[in-house]
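Structural description and commentary
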Amino acid sequence: MANDGEWSLSPVIANYATNLAYPPYKEELEHEINEYLKGESQSPIETTASTIFPISLMGGQESIFDRFDKVWKYIKKDSRNYKGHYFRRLMAFNEKHGEPINQLKHIIETYNGIEGVRKPIHRRSALIALTFDPSEDHSPQPLRGFPCLQQVCLIPKKNGKMTLNAIYAMQHLVDRGYGNYLGLKNLGDFMAGEMGLELDEVNCIASILELGKIRKSEAKKLVEKYSRYV
């Protein structure tokens, strides 16, 4: 539907498997999207994905949480992050108003248990992490832009697999969508691995999905080119 000249749908659920081989058009599609984003002076796919999960910090003896803590003082200086940062909210929620809460670590320790402290708890409602903070995000600003991602829910299955569900209040399909999907997959892979599971599915739920800044004619070309693979 079109509202005030803007193309949008409400709601939209994007479901994708994460344990399959990459499709043959992956590199070409990512290159085309990144070229478009570069022309619009927007962040590439990989940068958007890293705001949800900074995969480049994986590896080594330090935890990703410790590594991110060390570089956060530089990341937060970036003007694009002045309203907040998704991964920071996930691992240091409420840090401006009290003791920061590492929601991801809490989920891992809740699911796995802590030896000598508590047994594993597999209650699904305990495996949820928020990025929306009412104390900061309930604002009278006409346009805020962050956080579009509201929360992530981890759903373990009996077969040792796991689904990640993510809820967005607003999502811009071309400008941010692909990067969001990649970042959610990377986050899910990490969390599943820490919980002794395997991520096999992501559901990205957008309350409102907008096309973004791309011209409809350009979007149509992309759809026509890649629709044969769907």
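Residues numbered from 1 in each chain as written. Predicted model: local features only at pLDDT ≥ 70, side-chain atom pairs only at ≥ 80, totals over all residues. Heavy atoms only, no water.

1. Describing the pairing of strand β6 (residues 161–168)
The buried fraction of β6 is high, at 6 of 8 residues. Direction of pairing for strand β5 (residues 149–156) relative to β6: antiparallel, over a ladder of 7 bridges. Considered in β6, the bridge of L149 is made with Y168. In this antiparallel pair of consecutive strands, β5 and β6, the connection spans 4 residues, and G160 shows a positive phi of 85°. With 8 bridges connecting them, β6 and strand β8 (residues 198–206) associate as parallel partners. Residue pairing across strands places K161 opposite E198, the latter belonging to β8. (Buried < 20%, exposed > 50% of the residue type's maximum accessible area, 1.4 Å probe, protein only. Helix = DSSP H or I, 4+ residues; strand = E, 2+ residues; numbered from the N terminus. Pairing = 2+ DSSP bridges.)

2. Description of the packing of aromatic side chains
For the coordinates displayed, the defined rule picks out 9 aromatic pairs. Aromatic pair F68 and W72: ring centres 5.8 Å apart, planes at 25°, arrangement stacked. Here F68 pairs with W72, and both are found in helix α3 (residues 64–75), just 4 residues apart, close to one helical turn. Judged by its relative accessible area of 11%, W72 is buried. Through pairs of rings, three or more aromatic residues link up here, namely F53, F65, F68, W72, F87 and F190. Taking the ring centre of Y22 as reference, the NZ or CZ of K26 above it sits at 4.7 Å. (Phe/Tyr/Trp six-rings, centres within 6.5 Å; stacked < 30°, edge-to-face > 60°. Lys NZ or Arg CZ within 6 Å of the ring centre and 35° of its normal.)

3. Brief notes about the sheet that holds strand β4 (residues 128–130)
Backbone-to-backbone hydrogen bonds join strands into a sheet, with any given pair of strands oriented parallel or antiparallel. If you trace the 5 strands from one edge of the open sheet to the other, you get β3-β8-β6-β5-β4, paired in mixed fashion. Because the sheet does not close on itself, it has two edges, and the strands there are β3 (12–17) and β4. Taken over all neighbouring pairs, the strand axes of this sheet differ in orientation by 15° on average, direction set aside. Pairing between β4 and β5: 3 bridges, direction antiparallel. Its bridge partner being in β5, I128 is matched across the sheet by C153. (Axes fitted to C-alpha atoms, helices over the stretch in contact; angles between N-to-C directions.)

4. A short note on the side chain of H85
Tracing the chain through its elements places H85 in the loop between α3 and α4 (86–91). For H85, the contacting residues outside a window of four places in its chain are S50, T51, F68, W72, I75 and F146. (Contact = heavy atoms within 4.5 Å.)

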